[in-house]
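Chains, contacts and geometry: an overview
Chain residues, written in single-letter form:
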Amino acid sequence: MLHARLHDGGLEVKSFVLHLQDATHYDRTDEVTTFVGEDDSGSFGILAEHGRMMTSLVFGLARFRITDAPWEYLALPGALLYFVDNELSISTRRYLRDSNYSRISLALDEQLLAEEATLRGIK
């Protein structure tokens, strides 16, 4: 279900801004209509004009949609999520982004799980 309102006789889909930041780069994505992530309490979704919230995302995949485009996926080794004033900020050590579910799932397994194992070994 899309979050929409009537505007000048037609439907206007409400959207928000997504800010992705990791240790080496920053990405801004406009016109995001839906975000789905997971924290310790389970999966949840965010639509435009959601109330202020902050949570820690768990290791795994999150997804978001830009207007009517296909889903895009984020592979995350955990992240801090903050939504306020119709802007979603996700800060993490590293993230991978892809619109292909199979490819991003494989990257999550091969790259991020290997990095996590290496970090545990260093500790």
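Please read all numbers here as calculations on a predicted model, not as lab measurements. (Residues numbered from 1 in each chain as written. Predicted model: local features only at pLDDT ≥ 70, side-chain atom pairs only at ≥ 80, totals over all residues. Heavy atoms only, no water.)

Things to note about empty space enclosed by the protein
Operational definition: Cavities and pockets were defined on a 1 Å grid built from protein atoms only: a cavity is a group of points that admits a 1.4 Å probe but offers it no way out, a pocket is an open group of points flanked by protein on both sides within 12 Å along at least five of seven lines, and a lining residue is one with an atom within 4 Å of any such point. Grid points are joined across faces, edges and corners, and a volume is the space filled by probe spheres set on the points. The helix and strand labels rest on DSSP assignments: H or I over at least four residues marks a helix, E over at least two residues marks a strand, and numbering proceeds from the N terminus. Note on residue classes: Ala, Val, Leu, Ile, Met, Phe, Trp, Tyr, Cys and Pro are nonpolar, Asp, Glu, Lys and Arg are charged, and everything else, Gly too, is polar.
Across all of its chains, the model carries one cavity of 30 Å³ or more by this definition. Estimated volume of the largest cavity: approximately 40 Å³. Surrounding the largest cavity, Gly37, Glu38, Leu57, Val58, Phe59, Gly60, Leu61, Ala62 and Leu76 form its lining. At the level of elements, β4 (26–39) and β6 (53–66) are the ones that each hand at least two residues to the lining of the largest cavity. Per-class residue counts for the lining of the largest cavity are six nonpolar, two polar and one charged.

Side note on the pairing of strand β7 (residues 72–84)
Keep this limit in mind: The buried label goes to any residue with under 20% of its type's maximum accessible area, the exposed label to any with over 50%, and the partly exposed label to all in between, with areas taken from a 1.4 Å probe on protein chains only. Strand pairing follows a simple DSSP-based rule, namely that at least 2 bridges must link the two strands.
Extensive coverage of β7 is indicated by the burial of eleven of its 13 residues. Relative to β7, β6 is paired through eleven bridges, and the arrangement is antiparallel. Pairing of Phe59 across the sheet is with Pro77, part of β7. Linking β6 to β7, which pair antiparallel, is a turn of five residues; within it Thr67 sits at a positive phi near 40°. Two elements, β7 and strand β9 (residues 96–98), share three bridges in a ladder whose sense is antiparallel.

With respect to the environment of Glu87
Selection criterion: Contacts were defined at the residue level, with two residues in contact if any of their heavy atoms lie within 4.5 Å.
Positionally, Glu87 belongs in strand β8 (residues 87–91). Taking the relative accessible area as the measure of exposure, Glu87 reaches 31% and is therefore partly exposed. Sequence separation between Glu87 and Val17 is 70 residues; the distance between their C-alpha atoms is 4.8 Å. Residues contacting Glu87, with those up to four places away along its chain left out, are Val17, His19 and Tyr82.

Observations concerning unusual backbone geometry
Of note in this structure, Glu31 is not a glycine but carries a positive phi near 65°. Here Glu31 lies in strand β4. Of note, the phi angle at Thr67 is positive, near 40°, even though the residue is not glycine. Tracing the backbone through its elements, the reader meets Thr67 in the loop between β6 and β7. Accessibility expressed as a relative area gives 31% for Thr67, which makes it partly exposed.

What about the packing of aromatic side chains?
What counts here: Pairing of aromatic rings covers Phe, Tyr and the six-membered ring of Trp, with a centre-to-centre limit of 6.5 Å; geometry is then stacked below 30 degrees between planes, edge-to-face above 60, and tilted otherwise. Charge over a ring is defined by NZ of Lys or CZ of Arg lying within 6 Å of the ring centre and within 35 degrees of the ring normal.
A full pass over the atoms with the stated rule returns two aromatic pairs. With a centroid separation of 5.4 Å and 85° between ring planes, the pair formed by Phe16 and Phe83 is classed as edge-to-face. In this pair, Phe16 sits in strand β3 (residues 16–21) while Phe83 sits in strand β7, placing the two residues 67 residues apart along the sequence. Both residues of the pair, Phe16 and Phe83, belong to the buried class. For Arg63, the ring lying beneath its charged end belongs to Trp71, and the centroid distance is 4.2 Å.

Interpretation in functional terms is not warranted from these geometric data alone.
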